[in-house]
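# Understanding the architecture of this molecule
So you can see what is in the structure, the chains are spelled out below.
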Amino acid sequence: WFLEYNPAEVISRVTCPVMALNGSMDMQVLCKDNLSVIKNNLPHNERSAIKEYDSLNHLFRNCTIATALDYGAIEETISEKVLEDIAGWINSVVLP
């Protein structure tokens, strides 16, 4: 089912603001493939945000090697920049 599923059809019907984030070092959800599908199919909404974070992995942790085997060696829980961006986006959508 996952191999045949095409998310573009569903993405094209989304009407609410969307925040789509990916780390450039994400090897579980490939950034370029994922964000390009979202960008190309998400209806325009000035409140939506699509962003790639350089050198972050799937867990939004800074890394130099992009494998899940390194997750335990990274002390960072999540990039502070990602948290700031998420909070800012939520405030921009919720607050007038």
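Going by the structure above, here's the rest.
Rules of the game
Residues numbered from 1 in each chain as written. Predicted model: local features only at pLDDT ≥ 70, side-chain atom pairs only at ≥ 80, totals over all residues. Heavy atoms only, no water. Helix = DSSP H or I, 4+ residues; strand = E, 2+ residues; numbered from the N terminus. Buried < 20%, exposed > 50% of the residue type's maximum accessible area, 1.4 Å probe, protein only. Contact = heavy atoms within 4.5 Å. Areas by Shrake-Rupley, 256 points an atom, 1.4 Å probe, with all protein chains shown as cover. Lys, Arg positive; Asp, Glu negative; His and termini not counted. Charge placed at Lys NZ, Arg CZ, Asp CG, Glu CD. Core = buried A, V, L, I, M, F, W, Y, C linked by side-chain atoms within 4.5 Å. Polar contact = N/O pair within 3.5 Å; in protein donor to acceptor, adjacent residues only side chain to side chain. Arc of directions from axis to C-beta. Right-handed = clockwise from strand over helix to strand, strands pointing away. Salt bridge = Lys/Arg side-chain N within 4 Å of Asp/Glu carboxyl O.

To continue, consider the overall build of the protein. Along the protein, the regular secondary structure elements total 3 helices and 2 strands. Along its sequence from the N terminus, the protein presents helices and strands in the succession α-β-α-β-α. With respect to the principal axes defined by its C-alpha atoms, the protein has extents near 40 × 40 × 20 Å. Relative to its 96 residues, the protein shows a buried fraction of 27%. Considering only residue pairs separated by 6 or more positions, the protein has 63% of its internal contacts joining residues 24 or more positions apart. Of the roughly 6,800 Å² of accessible surface on the protein, a fraction of 58% belongs to carbon and sulfur atoms. Here the protein holds 7 positive side-chain charges and 13 negative ones, and the gap between their average locations is 7 Å.

So, about the nonpolar core. Counting 7 residues, the largest nonpolar core is built from Ile 11, Val 18, Ala 20, Cys 31, Leu 35, Ile 38 and Leu 42. Leave out the neighbours within four places in its chain, and Val 18 touches Leu 42, Ser 48, Ala 49 and Trp 89. In terms of nonpolar packing, the next biggest core, distinct from the first, is built from 5 residues, Tyr 53, Leu 56, Phe 60 and Val 82 among them.

As a further point, take the side chain of Asn 57. When you line up the elements, Asn 57 lands in the loop between strand E2 (49–53) and helix H3 (80–94). A residue is classified by how much of its surface remains accessible, and Asn 57, at 3% relative accessible area, is buried. A polar atom in the side chain of Asn 57 sits 2.9 Å from the backbone nitrogen of Leu 59. Setting aside residues no more than four positions away along its own chain, Asn 57 makes contact with Gly 23, Met 25, Asp 26, Cys 63, Tyr 71 and Ile 74.

This next bit is on helix H2 (residues 31–41). By the burial criterion, the buried members of H2 are Cys 31, Leu 35 and Ile 38. Looking down the long axis of H2, one finds its buried residues gathered within 60° of arc, a one-sided arrangement. Pointing more than 90 degrees away from the buried face of H2 are the exposed residues Lys 32 and Asn 40. Summarising the contacts, the buried residues of H2 are in contact with helix H1 (7–11), strand E1 (19–23) and E2.

So, on to the pairing of E1. The buried fraction of E1 is high, at 4 of 5 residues. With respect to chirality, the unit in which E1 leads through H2 into the neighbouring parallel E2 is right-handed.

Considering all chains together, one arrives at 4 salt bridges under this definition. The partner of Glu 52 in a salt bridge is Lys 32, with the nearest N and O atoms 2.9 Å apart. Of this pair, Glu 52 sits in strand E2 while Lys 32 sits in helix H2, placing them 20 residues apart in sequence. The class for Glu 52 is partly exposed, based on a relative accessible area of 34%. The exposure class assigned to Lys 32 is exposed, which follows from its relative accessible area of 58%.

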